Amino acid sequence: MNSKLLSNVTEQLKENSLGKISIFVIVILTFASVLAFLSPYDPNKIDVMNRLAAPSKQHPFGTDEMGRDYFTRALYGGRVSLTVGFLSMIISTTIGTIVGTISGYFGGKVDSFIMRFVDILMSIPTFFLILILNAYLKPGVQNIIIIIGLFSWMSIARIVRGETISIKEREYVQYSQVIGEKSSVIIKKHIIPNIFPTVIVAATLNIASAILMESSLSFLGLGVRQPNSSWGSMLKYAQGYMEEAPYLAFFPGILILMTVLSFNVLGDIFRLAFEPKANDD
Amino acid sequence: MKDSLLEVKDLEVTFFNRNGKVRAVRGINFDVKKGEILGIVGESGSGKTVTNLSIMGLLKGTGKVTKGQIIYKGENLLNKSEKEMLKIRGNDIAMIFQDPMTSLNPVFTVGNQITDVIMRHQKLSRKEAKKKTIEMLKMVGIPSAEERYNNYPHEFSGGMRQRAIIAMALSCKPDLLIADEPTTALDVTIQAQILELLKELKEKLNTSIILITHDLGVVANICSRVVVMYGGMIMEEGSVEDIFYTPLHPYTKGLLQSLPKTGGKMKERLIPIKGNPPNLANEIKGCPFADRCPYTMDICREKQPKYYYDGENHRGMCWLLDKSINGKGENHEE
Amino acid sequence: MRRLIVKRMLQTIPMLIAISIVSFLLIKLAPGDPVQAYITPEMGPTDIERIRENLGLNDPIHIQYIRWLKNVLKGDLGYSLVNHRPVLIQIKERLPATIGLMSTSLIFSMIVGIIVGLLSAANQNKLFDRIVTLISYLGISIPSFWFAMMLIFLLSLKLKLLPSIGMRTIGVHSTWDLIKHAIMPTLVLSIQNIAVIARYIRSSTISQLKEDYVIVQLAAGASRNEILYKYVLKNAILPVITILGMSLPSLVSGAFITESIFGWPGMGQLGVTAIFSYDYPLIMAITMFSSLILILGNLLSDVLYSVVDPRIKELN
């Protein structure tokens, strides 16, 4: 089944040039941020003589207010942003999948209890909650990952629940129930493999929103803080130099935009590839 | 054919896909006479719906009429502009479709949808159009039509909806009504009522009807003439009597054998036609039915047969009818 | 239908209670100590303890919660720990700016989103559609604060067309001045919803165009435009009311960022300031009020939808 899904994805990619670009962007940015240490510059080395230098051959993104090479900093910032996006996606997808499967599979009171809980969580402006938590917990990349992860699983749980309910109705699942297979076995054998495509789509889109969330938090000063930096926190500092050095605000923003866009496009491609019905929309 | 309302001449319709072309209709000729009900019979994929959508100028997607003429009242519809066609559709030629559950717009009242059609084609005030709508609803047998006017489609039953759709189609007194499987989605008892209604309205309004169906039983009920289509071609054409009592083509015979007979013996077996319709994306050299025909000869796969006539108005397209080939016409001598 | 509305309203009550408990606990369990705000270097431990006692911070947590809830129901939301003004008054001052910005943005994004989505669907796979698709991808992917920064850079710093901060120029009381201040915040707050609505309308219109009733109408002589703008539009637009409810969370969280950047004197900006100053009563009140906006918005969109869609009307 997985090889078929994969071939569907390549099929979709063939016709979608935006999709090809997106994968390219994600791969390049991931490699670049992993290999950031290859840069000749130290991202934290202050060089007062060279502060706010405009982009040049030596400094393709220029230098910041402390003379640090902005390109190198952007690469390291990307490392943080991508890590936050990816790891908080893992957390929220895991929670969302487990909660959604349980809710959908067992139904009844369990389901209505869980769903009421999800409703409540979704009717609190989670962004504000995350702001509050970030302000009161020890700042640090780790906390941000956990907090974003803990507050963005609800929509995944809803989608997974719906999918689980529809799969539960299929004959082979009902058959397994009739012959008395254990719920845990049925979930592992029949439910999880079938909701897998849905989860992949949701997870991909989730990375995009997690990266956006992190950048907003860091921008407000409630996310990644010194000495770490992410694209969002770089923009926070860039705000003070809009007149002298607008490029400081330009590059990290473009990088966030490109990354988030790529994950969104990729998510859509997965969606189209996994559900042939939506093909011609 | 002086009294023809509509003549389809040598019509070819092709769909152009990424992978090539699909010749859905491959050169067909037939006509519809004034005030008659013509049945077009065939399995799905035989080209019957595509033919009728071409008459309406409503081919979807990549489909195009690649050859032929569609003469309506002496004028070729294929030469008409979209603007001219807008005036013809719904006014001169109307169409009703298979599924009454989805044929009406769910968020407008039934009455409104019919009134819109009337106002589109006739210079009437909303009030007059509404009056006419209610008249039509009454004519198609919808009880308490005044109240029903303000109902939404979901408040109608399936049979009622099909009646409403017929009312909509006939609201401008078209000369030709194309009914595409109008009863397929309905319960058997309601099917009979709808067919009866169509027959009755045809008499009342003197409308010609093309009835598209896969069900020969429906044809026997109300049609005067029948066209049997297969693989984008006409296999046989004739009066209902011709088709039912003296079929020329093995395909028609196959269709008849797969039909349950009400008067027949219970033990009589229904014989389905084996195999599947041909893939129209492939080039078919000979007869499209050759692969499924129990009497296939070598020539059937190589060369397309001509039409052979049994009387003036009964024709079939089959090599078996050609005496010079094998010396015996299956059932009929010419 | 009245039953449906009552039922939906009753559903919101446990939600409200749960939200008040959740937000209260979250803030109560936070490590920052509000007493710090009152301490001056001269104070001794007994003074600090007295302040703590006075603020009620020594009571058991459920007592604190119940006291707070009682007060809330009486309309007393307490006093800001920072400037000691009544919380309710501060929120009342701020609410109009926020509601004004949100509703302007909502209406703006609905209008633009629907028009663009419809045109895009009508020209499916043509150049216009491709451009719209790309732009709407950008719309859902752009960090709103960065979009704001770029707008400020371009329109305020470079072209000097629009003011970059506040709601009014001090001393000026013209509507035009207000509009000029509101343009950028509205754009920033709307961009994501415009993209979401346009994408939604596009795909729902395309799927509506495949419905049987479309060919039925075509066969009855309706032109493509008539079908698109009359029959399809109504079908495609109805679910937008639900989308409206769904886009509220992004609107509310967007307001925190947008108001902070543009110094828009609304509840969002107040909330962010409150967080930085550990102002518990204010944070709690803002959590409650923004949740309230969400819940009421959702309630409203559900009720509205059931009024507009004939199929739902029938069910009840």
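What you see is a predicted model, and the numbers here were worked out from it, not measured in a lab. (Residues numbered from 1 in each chain as written. Chains lettered and ligands numbered in written order. Predicted model: local features only at pLDDT ≥ 70, side-chain atom pairs only at ≥ 80, totals over all residues.)

Trainee: I tried to follow the overall build of chain C on my own but got confused; where do I start?
Mentor: Within chain C, the secondary structure is distributed over 14 helices and zero strands. Relative to all contacts within chain C whose residues are 6 or more apart in sequence, the contacts with residues 24 or more apart total 72%. (Helix = DSSP H or I, 4+ residues; strand = E, 2+ residues; numbered from the N terminus. Contact = placed C-beta atoms within 7 Å.)

Trainee: Looking at this structure, how should I read the overall build of chain A?
Mentor: The secondary structure content of chain A amounts to eleven helices and zero strands. For chain A, the N- to C-terminal ordering of α and β elements is α-α-α-α-α-α-α-α-α-α-α. With respect to the principal axes defined by its C-alpha atoms, chain A has extents near 75 × 45 × 30 Å. Residues classed as buried in chain A amount to 47% of the 281 residues present. (Buried ≥ 20, exposed ≤ 12 C-beta atoms within 10 Å, placed from the backbone.)

Trainee: Would you explain helix H4 (residues 87–122) of chain C in this entry?
Mentor: Residue pairs spaced three or four apart in an α-helix point in one direction, given the helix's 3.6 residues per turn. End to end, H4 of chain C covers 51 Å across 36 residues, agreeing with the expected 52 Å (1.5 Å per residue, within 8%). In the structure, H4 of chain C departs most strongly from a straight axis at Arg94 of chain C, where the bend amounts to approximately 35° and where the proline Pro96 of chain C lies between one and four residues downstream. (Expected span 1.5 Å × (residues − 1). Bend = angle between axes of the 7 residues up to and from the residue.)

Trainee: Just checking my understanding: could you explain the sheet that holds strand E5 (residues 75–76) of chain B for this structure?
Mentor: Sheet strands pair via backbone hydrogen bonds, and the direction of the pair is either parallel or antiparallel. Residues and elements named next belong to chain B. Taking strand neighbours across the sheet as the criterion, the four strands line up as E2-E1-E4-E5 in an open arrangement whose pairing is antiparallel. The two strands at the open ends of the sheet, each matched to only one other strand, are strand E2 (20–33) and E5. Bridge analysis of strand E4 (residues 63–72) against E5 gives two bridges, and the strand direction is antiparallel. In the sheet register, Tyr72 faces E5, and the bridge partner there is Glu75. (Pairing = 2+ DSSP bridges.)

Trainee: Looking at this structure, how should I read the sheet that holds strand E12 (residues 315–317) of chain B?
Mentor: Residues and elements named next belong to chain B. The mixed open sheet is built from eight strands, whose spatial order is E6-E7-E8-E3-E9-E10-E12-E11. Because the sheet does not close on itself, it has two edges, and the strands there are strand E6 (93–96) and strand E11 (307–309). This sheet shows a mean twist of 20° between the axes of neighbouring strands, independent of strand direction. Note: strand E3 (residues 37–41) against strand E9 (residues 225–230), four bridges, orientation parallel. Looking at the pairing, Gly39 lines up with Val226 of E9. (Axes fitted to C-alpha atoms, helices over the stretch in contact; angles between N-to-C directions.)

Trainee: For this particular structure, what's the right way to read the interface of chain C and chain A?
Mentor: Counting from both sides, the interface comprises 41 residues of chain C and, opposite them, 32 residues of chain A. Residues belonging to the side of chain C that touches chain A are distributed by class as follows: 30 nonpolar, eleven polar and no charged. (Nonpolar A, V, L, I, M, F, W, Y, C, P; charged D, E, K, R; others polar.)

Trainee: Even after reading the chapter, I still don't get the nonpolar core, so can you show me in this structure?
Mentor: The nonpolar side chains of a soluble globular protein tend to be buried with one another. One finds Leu131 of chain A, Ala164 and Ile210 of chain B together with Ala148 of chain C to be the most contacted residues of the largest nonpolar core, which totals 242 residues. The element that contributes the greatest number of residues to this core is helix H9 (residues 183–220) of chain A, accounting for 17 residues. When residues no more than four places from it in sequence are discounted, the contact partners of Ala164 of chain B are Leu104, Val110, Leu137, Ile142 and Phe156 of chain B. (Core = buried A, V, L, I, M, F, W, Y, C linked by C-beta atoms within 7 Å.)

Trainee: Looking at this structure, how should I read the environment of Leu157 of chain C?
Mentor: Position of Leu157 of chain C among the secondary structure elements: in helix H6 (residues 144–158). Overall, the presence of 12 C-beta atoms within 10 Å leaves Leu157 of chain C in the exposed class. Along the chain, Leu157 of chain C and Met9 of chain C lie 148 residues apart, while their C-alpha atoms are 48 Å from each other. For Leu157 of chain C, the residues in contact, after removing those within four places along its chain, are Met242 and Glu243 of chain A together with Ile152 of chain C.

Trainee: Help me understand the environment of Ala210 of chain A, please; the structure alone is not making it clear to me.
Mentor: Residue and element names in this part refer to chain A. With respect to the helices and strands, Ala210 occurs in helix H9. Once the C-alpha coordinates of Ala210 and Phe117 are considered, the two residues, 93 residues apart in sequence, prove to be 22 Å apart. Look past the residues within four positions of Ala210 in its chain and what remains in contact with it is Val84, Gly85, Ser88, Met89, Ile148 and Ser152.

Trainee: Can you help me understand the confidence of the model for chain A in this one?
Mentor: Regions with low pLDDT carry predicted coordinates that are not meant to be interpreted in detail. With 97% of its residues at a pLDDT of at least 70, chain A reaches an overall mean of 85. In this model, residues 277–281 of chain A is a region of pLDDT below 50 whose contacts with residues beyond four sequence positions or in other chains number six contacts. (pLDDT = per-residue confidence, 0-100.)

Trainee: Help me understand the arrangement of the chains in this model?
Mentor: In this assembly two pairs of chains touch, with chains A and C having more contacts than any other pair. When C-alpha atoms are compared, chain A and chain B, though not in contact, are closest at a spacing of 12 Å.

Trainee: Honestly, the interface of chain C and chain B in this entry has me stumped. Any pointers?
Mentor: The accessible area lost on association of the parts is a frequent measure of interface size. Taken together, the contacts link 19 residues of chain C with 24 residues of chain B. Elements represented by at least two residues in the side of chain C that touches chain B include exactly helix H8 (212–219), helix H9 (224–237) and helix H14 (310–315) of chain C. The greatest single-element share of the side of chain C that touches chain B, amounting to six residues, is contributed by H8 of chain C. Per-class residue counts for the side of chain C that touches chain B are ten nonpolar, three polar and six charged.

Trainee: Any chance you could explain the pairing of E2 of chain B here in plain terms?
Mentor: In summary, the side chains of a regular strand alternate between the two faces of the sheet. Residues and elements named next belong to chain B. Across eleven bridges, strand E1 (residues 4–17) lies against E2 in antiparallel orientation. Paired with Leu6 across the strands is Val32, a residue of E2. Between the antiparallel neighbours E1 and E2 lie two residues.

Trainee: Can you help me understand the confidence of the model for chain C in this one?
Mentor: All names here are of chain C. For chain C, mean pLDDT is 84; residues scoring 70 or higher make up 94% of the total. The weakest mean pLDDT in chain C belongs to H14 at 59; the strongest belongs to helix H5 (residues 127–141) at 93. At the level of chain-chain contacts, confidence expressed as ipTM amounts to 0.88, with global pTM at 0.82.

Trainee: So what exactly am I meant to see when it comes to the pairing of E9 of chain B here?
Mentor: Residue and element names in this part refer to chain B. Buried residues dominate E9, accounting for six of its six residues. Of the two faces of E9, the one lined by Arg225, Val227 and Met229 and the one lined by Val226, Val228 and Tyr230 are each fully buried. As judged from the six bridges shared by E9 and strand E10 (residues 233–239), these two strands associate in the antiparallel manner. Within E10, the position partnered with Arg225 by the bridge is Ser239. Between E9 and E10, which pair antiparallel and follow one another directly, the connecting turn spans two residues, one of which, Gly231, has a positive phi of 55°.

Trainee: Whenever I open this one, the packing of helix H5 (residues 126–136) of chain A against helix H6 (residues 141–150) of chain A confuses me. Can you help?
Mentor: Packed helix pairs are specified by the crossing angle of their axes together with the interaxial distance, meaning the distance between the axes. Residue and element names in this part refer to chain A. Two numbers describe how H5 lies on H6: the axes approach to 10 Å, and their chain directions differ by 155°. Between H5 and H6, the crossing angle belongs to the class labelled roughly antiparallel. You can see that H5 and H6 cross each other, and the crossing is right-handed. Taking contact as the criterion, the partners of Ile130, Leu133 and Asn134 in H5 are, on H6, Asn143, Ile144, Ile147 and Ile148. (Parallel < 35°, antiparallel > 145°, perpendicular 65-115°, else oblique. Left-handed = near helix turned anticlockwise from the far one by under 90°.)

Trainee: Just to check I follow, could you spell out unusual backbone geometry for this structure?
Mentor: Backbone phi values are negative for most residues with the exception of glycine, while trans is the configuration of most peptide bonds. One non-glycine residue, Lys173 of chain B, lies in the positive phi region at around 50°. Relative to the elements of secondary structure, Lys173 of chain B occurs in the loop between helix H7 (158–170) and strand E7 (176–180). The exposure class assigned to Lys173 of chain B is partly exposed, which follows from the 15 C-beta atoms found within 10 Å. With phi around 50°, Tyr278 of chain C is a residue other than glycine that occupies positive phi space. One can find Tyr278 of chain C in the loop between helix H12 (267–276) and helix H13 (280–308).

Trainee: For this particular structure, what's the right way to read the environment of Ile134 of chain B?
Mentor: Residue and element names in this part refer to chain B. For Ile134, the position within the fold is in helix H5 (residues 126–139). Here Ile134 falls in the buried class, since 20 other C-beta atoms lie within 10 Å of it. The contacts of Ile134, once residues within four sequence positions are left out, are Ala145, Glu146 and Tyr149.

Trainee: Explain the packing of H5 of chain C against helix H7 (residues 175–209) of chain C here, please?
Mentor: Residues and elements named next belong to chain C. The geometry of H5 relative to H7 is characterised by a closest axis approach of 8 Å and an angle of 135° between their N-to-C directions. Between H5 and H7, the interaxial angle falls into the category oblique. In terms of crossing hand, the pair formed by H5 and H7 is left-handed. Residues Val132, Ser136, Gly139 and Ile140 of H5 form the contact with H7, whose participating residues are Ile191, Gln192, Ile194, Ala195, Val196, Ala198 and Arg199. A per-class count over the contact of H5 with H7 returns seven nonpolar, three polar and one charged.

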